[in-house]
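# Fold and contact review
Each chain, written out:
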Amino acid sequence: MAELPTFLSARDVGSFAYLTIKDRMPQILTKAIDTLHRHKSEFFEKHGEEGVEAEKKAISLLSKLRNELQTDKPIILLVDKCVDTDIWNQYLEYQQSLLSESDGKPRWFFSSWLFVECYMYRRIHEAIIQSPPIHDFDVFKESKDENFFESQESIAMLCSYLQQLPRPLKDLEENQLKDELFKLLQVSLWGNKCDLSLSGGESSSQKTNVISSLEDLKPFIIVNDMECLWSLLSKCKKTSEKAAVVRVDIVLDNSGFELITDLILADFLLSSELATEIHFHGKMIPWFVSDVTVHDFNWTIEQVKHSNHELMSTCGVNWENYIKIGRWIYHDHIFWTLPHSYCAMPQVASDLYAELQKACLIFFKGDLNYRKLAGDRKWGFTVPFHQALSGFHPAPLCSIRTLKAELQVGLRPGQAEQLMASEPTWLTTGKFGVFQFDGPL
Ligand SMILES: O=P(O)(O)OC[C@@]1(O)O[C@H](CO)[C@@H](O)[C@@H]1O
Ligand SMILES: [Mn+2]
């Protein structure tokens, strides 16, 4: 077996991983502490003095975490009693096993970026759950909701676009069906730019009409496997008898505008009968600032349903109905908020792997999912995507991702050099995106 490339880490001083750990992650912790401060009176109103004490405790735990991070202290065991505590602590032991005597302990600026970044969010969760009665407070909810409210105009435009497509969609002429699918896939891709962990929690809402800007954004799609998606989905539709299930899974990323783009895509897949059921996978705990939890998922559909914009409200009513009749199914497995690369899923979460094997196609949204698909390793740019997946092939899958990390595979020879020459920050600003497919055709 060929030697695997090493992990992205802050050992590479000046790298995006290094700058994220040095600057952005402490900034995110500071914003979380500020959020707790700003909710002090709410905690008092709800829980009296106990609420104020809890706020103080959570802030002190987050301040301690920030100090450990900023002074590169050894990574410490989790002490809460959650379903995943033992798995996390076993993973910390695994990280220790990767190091030699002289390397010392796993620590922020030495261990793999993927591990320490995931660990930070899991420690934020530990700080909150150890501070009852505010143990179910989501320190990121405010910024996720703000992203939704600030994107209202773009959301209304997207809902109107979907509702005004010729109905019934299933009778659309094939070329038009493909054309509309490609448009909504691209809307879902560019929805991924709205990511609060990249912006350090600063607002990153969608202000423009995405549909009208798709043509201008096309040159920024540097791997485009949409034709593979079309041939797979249209083949599934043709070969499945009426009763058969054509299941598409969407491993979600960010709440707010991006979630809307994913729900619009899911609605289109169902209404066009390209799929017969959609399975969504969200996060069990608040994660990477903007990632979707079940509360965000349900809240968003509720907000859309009660919108005073008629066509938006129609979408929300339909979406609630899809859930009610079992055509949309929401899952949240603990694995998605562990630090493991996805090639470890068969060993660590065999039930989830078996679940994903039922899909005809799995969409993985966003940059963190891409990093976990490729193991957050320093692969060469022209390494085939199939190879970087290191055996993770539950079903045909497609990454829909804007680039926000120094990791990209499956490029043509010379393509990375060309991009570097024209845009030195091509890997990390979210300006470029991919539809990267793996699977039999
Ligand atoms: O998965 P998303 O939401 O597209 O992006 C998440 C993410 O870009 O935020 C971090 C920046 O700190 C990256 O390390 C990580 O990949
Ligand atoms: Mn995210």
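Everything below is about the structure shown above.
A quick note: this is a predicted structure, and the numbers were derived from the prediction, not measured.

How each quantity is defined
Residues numbered from 1 in each chain as written. Chains lettered and ligands numbered in written order. Predicted model: local features only at pLDDT ≥ 70, side-chain atom pairs only at ≥ 80, totals over all residues. Helix = DSSP H or I, 4+ residues; strand = E, 2+ residues; numbered from the N terminus. Rg over C-alpha atoms; globule rule 2.2 N^0.38 Å. Buried ≥ 20, exposed ≤ 12 C-beta atoms within 10 Å, placed from the backbone. Pairing = 2+ DSSP bridges. Axes fitted to C-alpha atoms, helices over the stretch in contact; angles between N-to-C directions. Expected span 1.5 Å × (residues − 1). Contact = placed C-beta atoms within 7 Å.

On to the overall build of the protein chain. Within the protein chain, the secondary structure is distributed over 18 helices and seven strands. For 441 residues, the compact-globule estimate of 2.2 N^0.38 gives 22 Å, and the C-alpha radius of gyration of the protein chain, at 22 Å, lies within 12% of that figure. The principal-axis extent of the C-alpha atoms belonging to the protein chain is close to 60 × 60 × 45 Å. Evaluated residue by residue, the protein chain yields a buried proportion of 44% over its 441 residues.

Now for the sheet that holds strand β3 (residues 277–281). In spatial order, the strands read β1-β7-β6-β5-β2-β3-β4; together these seven strands make up an open sheet with mixed pairing. Since the sheet does not close on itself, it has two edges, and those belong to β1 (221–224) and β4 (328–331), each with one partner. Neighbour to neighbour, the strand axes of the sheet diverge by 15° on average, direction disregarded. Across four bridges, the pairing between β3 and β4 is parallel. Pairing of His281 across the sheet is with His331, part of β4.

The end-to-end C-alpha distance of helix α10 (residues 226–239), which contains 14 residues, comes to 20 Å, matching closely the 20 Å that a straight helix rising 1.5 Å per residue would cover. Buried positions along α10 lie against α8 (174–191), β5 (361–365), β6 (397–402) and β7 (433–438).

This next bit is on the environment of Gly316. Here Gly316 lies in helix α13 (residues 310–324). Sequence separation between Gly316 and Val52 is 264 residues; the distance between their C-alpha atoms is 37 Å. Sequence-distant contacts of Gly316, defined by excluding residues within four places in its chain, comprise Ile301, Val304, Lys305 and Ser307.

In short, shape yes, function no, at least from these values alone.
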